[in-house]
Amino acid sequence: MSKRLEIASILKQPPLNETITVMGWVRAFRNNRFIALNDGSSFHNLQVVIDPEQLDEQILKQIHFHSCIKATGQLVESKGAGQAFEVIASEVEILGDSSPEEGYVLQPKAQTPEFLRENAHFRMRTNTFSSVFRIRHGIAFAIHKYYNDRGYYYMHTPIITGSDAEGAGEMFHVSVFEPNKAPTLPDGSIDWKQDFFAKATNLTVSGQLQAEMGALAMGKVYTFGPTFRAENSNTSRHLAEFWMIEPEVAFFDIHDDMDLAEDFCKYLIRYILDTYPDDVAFLDKRIEDLEKNMPKEQRRPMGLLETLRFVVDNDFERITYTEAVDILLNSKPYKKGQFEFPIEWGKDLQAEHERFLVEREFQKPVIVRNYPKDIKAFYMRLNDDGKTVAAMDVLFPGIGEVIGGSQREERHGHLVKRMQEMNIPEHELWWYLDLRRFGGAPHAGFGLGFERMVQFITGMSNIRDVIAFPRTPGSAEF
RNA sequence: GCCUCAGUAGCUCAGUCGGUUAGAGCGGCGGACUGUUAAUCCGUAGGUCGUAGGUUCGAGUCCUACCUGAGGCGCCA
């Protein structure tokens, strides 16, 4: 019996004229004779050629779209034009039929992402989704490689958190109480002291505060883990469960932080361009085909591949919030009254404003820094002007904010004052304040939305299509 | 949470001004095919028109509510 080989390794080093065994899923079956087989090891298929007259009729009938088969035969140079090699099968075995008659619904044609999302248990068998998930893996790997190569330590921050003050929106509660059976105090409120952790707990919305402990001891750390937000956000850029990367670095100021963010983004894109060129090329072609049928104004200004290369090859634009406001106030859409929301120093930039800056004014990624303190979180470092904080957002074309970060407030007095102003209970974050009282240091960090980066690199328009199991309001299937 | 649009065969869609038996391509099923590239060709089956009400002689088509999905906004990564 010949050894089973993966298609990726066969294409890399073809064992020509040897008898080999391959296993995989049928992507196409043409002319009763040609099977395009894919085993996921590579974007590419291997053609298996069968002789319908020699093959058992029962087996022939089970060679359906996405049936799983095992084929043994000689690897030869292909007589056809579409591929270099093919296997002349002497033996074919059906490992798993996938009969449409029994209800298999996927078809060998373009299918909508919405339909495939409803059939998410099968969608990785398609070209598009297998490419997306190979690239997703590649980005995850590159993240660890990037930080490991630079002396950062990977830190696991808690998924269940006891602090209610992380300041990043609605949280999912974690409790062992049965609904409506929770013990209550005389005033009717729930007695969390009787719960599993003897306090109210939630799923984490950020590992940043804990990562700061690491940075102020180990110097350079990063987290990469699941993050949960119970916000009722219904957009193509939001998930209730997503993955976030949060580097946190001692002795970094806001400029070091921006340098890291830019270098990191470019590294990830370059890594994927270098490592998964076939998958990127396919996704590039996919978007080109999709946009053929769209009106010009809805198309991207550049193709996917072109956009990725452009981001890698050009410096990100860096401006302050105050400069951004000035640019917007002098912009054509503002003067023509085309913005829906007002522009005024002190108000947060709306999506339409960010989009103008990134897609019209600069036409490249933009880092906006030094936001008014009143629209940002308590832990961001107050600038000398007393009005702004050392915060920065990295804005990408198409998907908006990919990174949000800041230099952290390391001065104990300043931090306490901010917490009081913003009604953050000091006793809950006693340890966070202690980090400023004992051996504190300037430090900075940011959070990168993993799925948003995957979205950007793959060009998928909905974030639900770059995570295997999307969790969104009203939806937790699979 | 707000706004807009959509829901017709397994999938993607067409269905005119409210009018008789609801249409196509793909897929399925049956057949043909020794070089195909989402193969092609011939034949064939398949629909309670999202759900519930309402208007009307008559509703896929008009109205109301709800459900589901998409896009945009807000919130954010």
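Residues numbered from 1 in each chain as written. Chains lettered and ligands numbered in written order. Predicted model: local features only at pLDDT ≥ 70, side-chain atom pairs only at ≥ 80, totals over all residues. Heavy atoms only, no water.

(A) Structural view of the pattern of salt bridges. Tallied over the full model, the rule gives 26 salt bridges. Across the salt bridge formed by glutamate 248 and arginine 408, the nearest N and O atoms sit 2.8 Å from each other. Within this pair, whereas glutamate 248 is found in strand β11 (residues 241-250), its partner arginine 408 is found in the loop between β15 (400-407) and α12 (412-421), the two being separated by 160 residues in sequence. Classification of glutamate 248 as buried rests on a relative accessible area of 1%. (Salt bridge = Lys/Arg side-chain N within 4 Å of Asp/Glu carboxyl O. Helix = DSSP H or I, 4+ residues; strand = E, 2+ residues; numbered from the N terminus. Buried < 20%, exposed > 50% of the residue type's maximum accessible area, 1.4 Å probe, protein only.)

(B) Representation of the nonpolar core. Ranked by internal contacts, the top residues of the largest apolar core, which has 64 residues, are Ile139, Ile143, Tyr147 and Phe396. No other element matches helix α6 (residues 254-275), which puts 12 residues into this core. Residue-level mapping places this core at the junction of two domains, with at least three residues from each of domain 1 (7-106) and domain 2 (125-170 + 205-465). Ignoring sequence-local partners within four residues, the contact set of isoleucine 139 consists of Leu268, Ile272, Phe450, Met453, Val454 and Ile457. Of all hydrophobic cores here, the second largest spans 36 residues; its members include Phe362, Val389, Tyr432 and Leu433. (Core = buried A, V, L, I, M, F, W, Y, C linked by side-chain atoms within 4.5 Å. Domains from an automatic or database assignment. Contact = heavy atoms within 4.5 Å.)

(C) Looking closely at the domain arrangement of chain A. Examined at the domain level, chain A breaks down into domain 1 (7-106) and domain 2 (125-170 + 205-465). Put simply, the middle of domain 1 and the middle of domain 2, counted by C-alpha atoms, are 44 Å apart. In this assembly, nine residues from domain 1 lie in contact with nine residues from domain 2. Together domain 1 and domain 2 conceal approximately 780 Å² of surface at their shared face, both sides included; 50% is due to carbon and sulfur atoms. Taken as a group, Arg27, Phe43 and His66 account for 63% of the area that domain 1 buries against domain 2, more than any other trio of residues on that side. Applying the counting criterion to the domain 1 and domain 2 interface returns seven residue pairs in polar contact (both at pLDDT 80 or more). Split into classes, the residues belonging to the side of domain 1 that touches domain 2 amount to four nonpolar, four polar and one charged. (Buried area = accessible area lost by both parts, 1.4 Å probe. Polar contact = N/O pair within 3.5 Å; in protein donor to acceptor, adjacent residues only side chain to side chain. Nonpolar A, V, L, I, M, F, W, Y, C, P; charged D, E, K, R; others polar.)

(D) Highlighting the environment of glutamine 111. Tracing the chain through its elements places glutamine 111 in the loop between β5 (85-96) and α3 (113-118). It is 22 Å that separates the C-alpha atoms of glutamine 111 and alanine 476, two residues lying 365 residues apart in sequence. With near-sequence residues (within four places) excluded, glutamine 111 lies in contact with Val105, Leu106 and Leu116. A distance of 3.1 Å separates a polar side-chain atom of glutamine 111 from the backbone oxygen of glutamine 107.

(E) Highlighting the protein's contact with RNA strand B. Neighbouring RNA strand B are 52 residues; Pro108, Lys109, Arg117, Ser233 and Arg452 lie closest to it. Take the atoms of RNA strand B that sit within 4 Å of the protein: sugar and phosphate atoms are 49% of them. A distance of 2.7 Å separates a base oxygen of RNA strand B from a polar atom in the side chain of glutamine 83. Contributions of two or more residues to the surface near RNA strand B are made by β1 (19-30), α3, β11, α11 (351-362), β15 and β16 (443-449). Broken down by class, the residue content of the surface near RNA strand B amounts to 15 nonpolar, 22 polar and 15 charged. (Near = heavy atom within 4 Å.)

(F) Just helix α8 (residues 304-313), in detail. Within α8, burial applies to Leu304, Thr307, Leu308, Val311 and Val312. Viewed end-on, α8 has its buried residues packed into an arc of 130 degrees, placing them on one side of the element. Here the buried face of α8 lies against α6, α7 (277-292), β14 (388-396) and α14 (450-458). (Arc of directions from axis to C-beta.)

(G) Geometry of the sheet that holds β5. In space, the five strands of this closed barrel follow the order β1-β2-β3-β5-β4, with mixed pairing throughout. Averaged over all neighbouring strand pairs, the angle between strand axes comes to 55 degrees, with direction disregarded. Here strand β2 (residues 34-38) pairs with strand β3 (residues 46-49) via four bridges, running antiparallel. Among the inter-strand pairings, leucine 37 is bridged to a residue of β3, identified as leucine 46. (Pairing = 2+ DSSP bridges. Axes fitted to C-alpha atoms, helices over the stretch in contact; angles between N-to-C directions.)

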